[in-house]
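Understanding the architecture of this molecule
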2 protein chains.
Amino acid sequence: MPKRAPSDTSQTADVRERIMETASALFYEMGARAVGVDLVVARAGVAKTSLYRYFRTKDDLVAAFLQREDEDFWAKWDSVAAQHPGAPLQQLEAHCDWIGERLARPGYRGCPQLNIAAEFSDETHPARQVAIAHKAELRARLESLIAEMGIQPASRAAGQIALLINGAFVSAQILEPDEAAGLLKQAVKAILNAQAPKGKA
Amino acid sequence: MPKRAPSDTSQTADVRERIMETASALFYEMGARAVGVDLVVARAGVAKTSLYRYFRTKDDLVAAFLQREDEDFWAKWDSVAAQHPGAPLQQLEAHCDWIGERLARPGYRGCPQLNIAAEFSDETHPARQVAIAHKAELRARLESLIAEMGIQPASRAAGQIALLINGAFVSAQILEPDEAAGLLKQAVKAILNAQAPKGKA
DNA sequence: TCTAAATGATACAGACCTGTCTGTTTTACT
DNA sequence: AGTAAAACAGACAGGTCTGTATCATTTAGA
């Protein structure tokens, strides 16, 4: 008596992919430490042996979750940037817009990278490496955008805006979420205007 | 054979206080979920029964930890503010200074309130209430400082600076820590100048 | 000094966790 | 159709966790 018809519809999805999706949702919603592998496999409708075939340990699964979030984030970033080619200021504003949009989503619970970094203090944890790389990448992308605007030193303004973005991530769940979006955008403008040699806001 | 002489020196400290101090250090350093009560009592040199006499559950101990951090934070805030009576701008700058100093301390691992909020997703968790109240208090204090400066609307600039401060907290452990301090201070100035009707930076 | 409260030491219950093992069933490919 | 890989199902080991129960010991006050 199989619990599900063998060639059921819609469950043709890769087993690995189903595990990833379920684990991602659970880890983000409840925190990685609060979610056991038994819950993941139960929710995913998958055997525990399958999980451990694709992921050596639970820590690896957590790292894979962050890696996936990282890729999704930059894919979105790239697609938004592509809508304003050669216009760094418009790009930055557009990024603030979609990021701000996410902050106001129901169930928003902060930046996954920051949350996992808060949960796992061990510097050598595989997921922490992903988080650090992610934040370095954010910093680098902001810096090149700002350099494109002709603002000097680009590193300083980029760092300030990185502070603002990370601050918006963590503040959205503590303060009113829809407020953070507006604050972020206004503050970014203020930072840019303060540093710009030729202010053309 | 008692492991410690009964009236030993320096251990006359309250049992409850010894538990609080040990738990605070461990929770902050490793994360509350990663620290078991057995580790706390072992480090504190205290019986588990004593812990459960003063704290009904571990969650209560976590909440007490955050409460204590909250009180220490505002005590420091008040003492710094008292050094610049009637000078809100100097106060805000001084706050940026000591906060920036903390970010660069060895072993800095972010804002305890934000870390615990990231670890415990349950909205009803007692510690989460403390964290939310703490961040609301930060926002309120910033707002009154900025209103004192004559900047309108105070709420907006306060929100932007709250974003910056929270961003500095979480970014310090990801980026270079001593950099965050400078970025914070510069960015706060930029925000103030952008909003001030009469800029006297 | 006597007594009551506080503390210590430790075992324990019950639950949960990660990761493995075994054996069966389903899928996919030839 | 036949075969090998993949997936399922479920038990299980070994550990950790929270919270309680038991009993000895120490402290503090009358």
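Calculation rules
Residues numbered from 1 in each chain as written. Chains lettered and ligands numbered in written order. Predicted model: local features only at pLDDT ≥ 70, side-chain atom pairs only at ≥ 80, totals over all residues. Heavy atoms only, no water. Helix = DSSP H or I, 4+ residues; strand = E, 2+ residues; numbered from the N terminus. Buried < 20%, exposed > 50% of the residue type's maximum accessible area, 1.4 Å probe, protein only. Contact = heavy atoms within 4.5 Å. Areas by Shrake-Rupley, 256 points an atom, 1.4 Å probe, with all protein chains shown as cover. Lys, Arg positive; Asp, Glu negative; His and termini not counted. Charge placed at Lys NZ, Arg CZ, Asp CG, Glu CD. Domains from an automatic or database assignment. Buried area = accessible area lost by both parts, 1.4 Å probe. Salt bridge = Lys/Arg side-chain N within 4 Å of Asp/Glu carboxyl O. Polar contact = N/O pair within 3.5 Å; in protein donor to acceptor, adjacent residues only side chain to side chain.

Overview of the overall build of chain A
Of regular secondary structure, chain A possesses 9 helices and 0 strands. Taken from the N to the C terminus, the helices and strands of chain A come in the order α-α-α-α-α-α-α-α-α. Along the three orthogonal principal directions, the C-alpha set of chain A runs to about 75 × 40 × 30 Å. Counting across all 201 residues of chain A, residues that qualify as buried make up 49%. The contacts of chain A with a sequence gap of at least 6 include a subset with a gap of at least 24, amounting to 67%. With an accessible surface of roughly 9500 Å², chain A has 50% of that area assigned to carbon and sulfur atoms. Across chain A, the mean location of the 24 positive side-chain charges is 1 Å away from that of the 25 negative side-chain charges.

Things to note about the domain arrangement of chain A
Residues and elements named next belong to chain A. The domains assigned to chain A are domain 1 (10–55) and domain 2 (58–195). Computed from C-alpha coordinates alone, the two centres of domain 1 and domain 2 are separated by 26 Å. Counting residues at the interface gives 18 residues for domain 1, matched by 16 residues for domain 2. Counting the surface lost from both domain 1 and domain 2, the interface buries some 1500 Å², and carbon and sulfur atoms represent 64% of this. Counting the surface domain 1 buries against domain 2, the share from its top three residues, Phe-27, Tyr-28 and Arg-33, is 42%. In this assembly, domain 1 and domain 2 are joined by 1 salt bridge. Note that Glu-17 is salt-bridged to Arg-68, the shortest N-O span being 3.0 Å. Across the contact surface, domain 1 and domain 2 share 8 residue pairs in polar contact (both at pLDDT 80 or more). The element best represented in the side of domain 1 that touches domain 2 is helix H1 (residues 15–30), accounting for 10 residues.

Description of unusual backbone geometry
With omega at -5°, the peptide bond leading from Gln152(A) into Pro153(A) counts as cis. Turning to its location among the elements, Pro153(A) is positioned in the loop between helix H7 (126–148) and helix H8 (154–172).

Structural notes on the interface of chain B and chain A
You'll often see interface size given as the accessible area lost when the parts meet. Listed per partner, the contact involves 40 residues of chain B and 40 residues of chain A. Between chain B and chain A the total buried area reaches about 3300 Å² when both faces are included, carbon and sulfur atoms providing 65% of it. A per-residue breakdown of the area chain B buries against chain A is headed by Ala118(B), Leu163(B) and Ile174(B), which together make up 20% of the total. At the junction of chain B and chain A, the tally comes to 8 residue pairs in polar contact (both at pLDDT 80 or more). Looking at the side of chain B that touches chain A, the element that brings in the most residues is helix H8 (residues 154–172) of chain B, giving 12 residues.

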